[in-house]
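Here's the letter readout for the chains.
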Amino acid sequence: MRIMLLGAPGAGKGTQAKILSEKYNIPHISTGDIFRYNIKNETELGKKAKEYIEKGLLVPDELTVKIVEERLKEDDCRSGFILDGFPRTIPQAEELDRILLQRGTGIDIVVNIFVKDEEIVQRLSGRRVCLKCGRNYHVKYNPAASEGKCGECGGRIVQRDDDKEETVIERLKTYHRQTEPLIDYYEKKGLLYTVEGKEKIEDTTGEVLRTVEEAAQKHGI
Ligand code: AP5
Ligand code: MG
């Protein structure tokens, strides 16, 4: 299955993508995670991406598309994948269509997770991430059992640099300006399913899984 998750920053794309990836045994591809990995390791790509990310802006399309194109060539993507945070602009979506069409495939299902802006700010300012395995926590909604320490790998839990309130506000503006038009783009293709990001992670998961199963049946996947 080739699934795409759309939604504002903090809508819960990463959280749900990880669950879907385990359930369907397909890779979770997050451009944000790829950029953060490169920033941490101080690669050339990381240095370029950092300039944009810390301002709440998008990394240029050309750079981003190249990374995804390479990633999709890997063997583990043959039986499907989950895209999280890509595409984020209309040109990226058009490039993705081109890349997949070359292989005679396309996206099967687009799940748009909708959450109000006010709630996003709350969620992101409370988010904490594990430096070692990348697992996400939230000080209120999803706290780690022992404070400051990852329950999965024991790594240190910190706040992401771009989760500072002023950067979150910029990221939201960027989302509304550049990414929201994708909702229409996929609606017109008949691929879009919108679910409301609920107060509880497991409630959202229930909705996402139901939607994916229904859509898969409808499209015969
Ligand atoms: P990226 O890492 O993709 O960030 P984002 O889209 O801003 O998304 P987030 O990771 O902040 O949110 P999420 O939807 O994954 O939510 P999460 O599950 O973590 O990108 C970072 C930056 O890289 C971008 O700003 C951009 O600069 C650049 N970039 C990336 N891709 C790019 C592209 N294609 N083109 C150009 N530039 C690109 O959940 C958030 C929090 O809420 C967590 O704490 C979680 O525990 C909590 N939570 C989740 N679900 C629920 C729920 N149902 N109820 C309560 N709390 C919840
Ligand atoms: Mg994410």
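Everything here concerns the structure above.
What comes next concerns the included structure.

About the cut-offs
Residues numbered from 1 in each chain as written. Chains lettered and ligands numbered in written order. Predicted model: local features only at pLDDT ≥ 70, side-chain atom pairs only at ≥ 80, totals over all residues. Heavy atoms only, no water. Phe/Tyr/Trp six-rings, centres within 6.5 Å; stacked < 30°, edge-to-face > 60°. Buried < 20%, exposed > 50% of the residue type's maximum accessible area, 1.4 Å probe, protein only. Lys NZ or Arg CZ within 6 Å of the ring centre and 35° of its normal. Helix = DSSP H or I, 4+ residues; strand = E, 2+ residues; numbered from the N terminus. Axes fitted to C-alpha atoms, helices over the stretch in contact; angles between N-to-C directions. Contact = heavy atoms within 4.5 Å. Nonpolar A, V, L, I, M, F, W, Y, C, P; charged D, E, K, R; others polar. Pairing = 2+ DSSP bridges. Polar contact = N/O pair within 3.5 Å; in protein donor to acceptor, adjacent residues only side chain to side chain. Salt bridge = Lys/Arg side-chain N within 4 Å of Asp/Glu carboxyl O.

On to the packing of aromatic side chains, then. Two aromatic rings, taken as a pair, are described by how far apart their centres are and by the angle between their planes. Applying the stated criterion to the full structure yields one aromatic pair. Geometrically, the ring pair formed by Tyr185 and Tyr186 is edge-to-face, given 4.9 Å between the ring centres and 80° between the ring planes. A single burial state applies to Tyr185 and to Tyr186, both of which are buried. Above the face of the Tyr24 ring, Lys23 is positioned so that its terminal group lies 5.7 Å from the ring centre.

Omega for the peptide link from Phe86 to Pro87 comes to -5°, which places this bond in the cis form. Its location among the elements puts Pro87 in the loop between β3 (81-84) and α5 (90-102). In the Ramachandran plot, Asn25 falls in the positive-phi region, its phi being about 55° despite a non-glycine side chain. The topology assignment puts Asn25 in the loop between α1 (13-24) and β2 (28-30). Classification of Asn25 as exposed rests on a relative accessible area of 67%. Its identity is not glycine, yet Glu42 carries a phi of approximately 50°, on the positive side. Of note, Glu42 is situated in the loop between α2 (31-40) and α3 (44-53). Since its relative accessible area comes to 61%, Glu42 is described here as exposed.

Attention shifts here to the packing of α5 against helix α8 (residues 181-188). At a minimum axis separation of 9 Å, α5 and α8 run at an interaxial angle of 35°. Across from Ile90, Ala93, Glu94, Leu96 and Asp97 in α5, the residues of α8 making contact are Pro181, Leu182, Tyr185 and Tyr186. The residue inventory of the contact of α5 with α8, partitioned by class, reads seven nonpolar, no polar and two charged.

Once that is clear, we can look at the sheet that holds strand β6 (residues 136-138). Reading across the sheet, the three strands line up as β6-β5-β7 and stay open at both edges, with antiparallel pairing between neighbours. Of all strands in the sheet, those with a lone pairing partner are β6 and β7 (157-158), marking the two edges. Examined bridge by bridge, strand β5 (residues 127-130) and β7 share two bridges and lie antiparallel to one another. By the bridge assignment for β7, Cys130 is matched with Ile157. Contacts from helix α6 (residues 117-126) reach β5 and β6, with the element oriented near 40° to β5.

Now for the side chain of Thr205. Topologically, Thr205 is positioned in helix α9 (residues 201-218). Engagement of the side chain of Thr205 in a polar contact is seen with the side chain of Gln16, the distance being 2.8 Å. Ignoring sequence-local partners within four residues, the contact set of Thr205 consists of Gln16 and Ile19.

Applying the stated rule across the entire model yields 23 salt bridges. Residues Arg171 and Asp162 are paired through a salt bridge, measuring 3.8 Å at the closest nitrogen-oxygen approach. Here Asp162 falls in the buried class, since its relative accessible area comes to 8%. Close ionic contact of Lys188 with Asp184 constitutes a salt bridge, the shortest N to O distance being 3.6 Å. You can see Lys188 and its partner Asp184 sitting in helix α8, four residues apart, about one turn around the helix.

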